Amino acid sequence: MCTHAPLVKPFAFQIRVTSRELLSAHATRKVYPVKKRHTRRPSKKRGFLRFLHATIEEEGNFMQFLAGGCRMNVVIGIDFTASNKCPADPASLHYMHPDSTQLNPYEQAIVSIVSILEKYDEDKNFEAYGFGGMLPSGQVSHCFPLSGHFSHHICKGVEGVLAAYNMCLQKVTLAGPTLFSEVCTYSLRVPQGLYSQ
């Protein structure tokens with residue numbers, strides 16, 4: 001239960017109408033009686049309502065947005081907190097198998113998701129960041145590029161993201177806490193910059 005629910009003023013009048021009735025009311029200029037709400041005599045008519053214009057707009061789906069020219073900029077955030085367990089532990093989500101043919105759960109997620117999304121990304125350049133890890137400087141960061149440099153933070157395709165992840169895992173110590181809001185905030189800078197131009 002939400003204890004901080006916003007105060008909503010009760011509305012004064014109500015009608016019940018389906019979308020089909022609403023559209024036909026527009027065409028036929030039908031008039032609806034309005035009844036006052038929260039009174040002892042709720043059936044007493046308080047006025048009439050006529051719809052002068054009514055339309056139903058269909059929202060586009062993902063594929064329609066892409067077909068319409070929508071550009072994607074994929075940003076990846078990877079959890080480097082200690083809750084994933086030490087990468088040397090076979091139970092760790094970051095465990096690196098000695099034969100390097102088996103992918104850990106993070107590598108599996110990268111391959112599964114990025115291989116799909118790269119089909120919809122024109123340049124196949126992905127921004128990949130980590131959060132909750134201790135950098136070689138000893139500082140815990142909640143937004144650091146997997147490449148180690150903000151000036152060269154772009155990864156090319158699935159292979160680029162995997163290479164940056166594996167390199168980062170060798171240099172970053174799992175720490176915490178789990179705060180990924182900085183990655184989300186940082187990732188918004190590109191779309192906002194595009195819209196402001």
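A few points on the structure. All figures in this text were calculated on a predicted structure; none of them were measured in a lab.

Conventions and cut-offs
Residues numbered from 1 in each chain as written. Predicted model: local features only at pLDDT ≥ 70, side-chain atom pairs only at ≥ 80, totals over all residues. Heavy atoms only, no water. Helix = DSSP H or I, 4+ residues; strand = E, 2+ residues; numbered from the N terminus. Buried < 20%, exposed > 50% of the residue type's maximum accessible area, 1.4 Å probe, protein only. Contact = heavy atoms within 4.5 Å. Pairing = 2+ DSSP bridges. Patch = residues over 30% accessible without salt bridge, like charges linked within 9 Å, V, L, I, M, F, W, Y side chains within 5 Å. Areas by Shrake-Rupley, 256 points an atom, 1.4 Å probe, with all protein chains shown as cover. Salt bridge = Lys/Arg side-chain N within 4 Å of Asp/Glu carboxyl O. Axes fitted to C-alpha atoms, helices over the stretch in contact; angles between N-to-C directions. Parallel < 35°, antiparallel > 145°, perpendicular 65-115°, else oblique. Left-handed = near helix turned anticlockwise from the far one by under 90°. Nonpolar A, V, L, I, M, F, W, Y, C, P; charged D, E, K, R; others polar. Right-handed = clockwise from strand over helix to strand, strands pointing away.

1. So, the overall build of the protein chain
In step 1: Counting secondary structure elements, the protein chain contains six helices and 10 strands.
In step 2: When the 197 residues of the protein chain are sorted by exposure, 27% land in the buried category.
In step 3: Pairs at least 24 apart in sequence give 59% of the contacts found in the protein chain among residues at least 6 apart.

2. Points about the environment of Y106
In step 1: Here Y106 shows up in helix 3 (residues 105-117).
In step 2: We classify Y106 as buried; its relative accessible area is 16%.
In step 3: As for Y106 and I78, which are separated by 28 residues in sequence, their C-alpha atoms are 8.0 Å apart.
In step 4: If near-sequence neighbours (up to four positions away) are discounted, Y106 is found in contact with I78, D79, N84, L93, H94 and Y165.

3. Thoughts on the sheet that holds strand 10 (residues 173-174)
The strands making up a sheet are joined through hydrogen bonds of the backbone, oriented either antiparallel or parallel.
In step 1: The strand order across the open sheet built from three strands is 7-6-10, with neighbouring strands paired in antiparallel fashion. Sheet topology places strand 7 (140-141) and strand 10 at the edges, where each strand pairs with a single neighbour.
In step 2: Note that strand 6 (residues 133-134) and strand 10 share two bridges and pair antiparallel. The residue of strand 10 that forms the bridge with M134 is T173.

4. With respect to the environment of C70
In step 1: Along the chain, the position of C70 falls in the loop between helix 2 (62-67) and strand 4 (75-79).
In step 2: Since its relative accessible area comes to 41%, C70 is described here as partly exposed.
In step 3: Sequence spacing of C70 and Y120 is 50 residues, and the spatial spacing of their C-alpha atoms is 9.6 Å.

5. Some points on a nonpolar patch on the surface
In step 1: A contiguous nonpolar patch, built from F62, M63, I116 and Y120 and spanning about 390 Å² of accessible area, is present on the exposed surface.
In step 2: Overall, the relative accessible area of 31% leaves Y120 in the partly exposed class.

6. Notes on the packing of helix 3 against helix 4 (residues 157-171)
In step 1: At their nearest, the axes of helix 3 and helix 4 sit 9 Å apart, and the two run at 155° to each other. Looking at the two axes, helix 3 sits roughly antiparallel to helix 4. As helix 3 packs across helix 4, the resulting crossing turns out to be right-handed. Here Y106, E107, I110, V111, V114 and S115 of helix 3 lie close against helix 4, whose contacting residues are G157, V158, V161, L162, Y165 and N166.
In step 2: For the contact of helix 3 with helix 4, the per-class residue count stands at eight nonpolar, three polar and one charged.

7. Examining the pairing of strand 5 (residues 125-131)
The side chains of a regular strand alternate between both faces of the sheet.
In step 1: In terms of burial, strand 5 is a largely internal element, six of the seven residues being buried.
In step 2: Relative to strand 5, strand 4 is paired through five bridges, and the arrangement is parallel. Within strand 5, the position partnered with V75 by the bridge is E127.
In step 3: In this fold, strand 4 hands off to helix 3, which returns the chain to strand 5; that crossover is right-handed.
In step 4: Pairing geometry for strand 5 and strand 9 (residues 154-156), over three bridges, is antiparallel. Counterpart to N125 in the pairing with strand 9 is K156.
In step 5: As paired strands, strand 5 and strand 8 (residues 144-145) are joined by two bridges and run antiparallel to one another. Bridging from a neighbouring strand, Y129 pairs with P145 of strand 8.

8. Quick notes on the environment of F65
In step 1: Secondary-structure assignment places F65 in helix 2.
In step 2: F65 gets classed as partly exposed once you look at its relative accessible area, which sits at 48%.
In step 3: Those residues in contact with F65 that lie beyond four places of it in its chain are G60 and C70.

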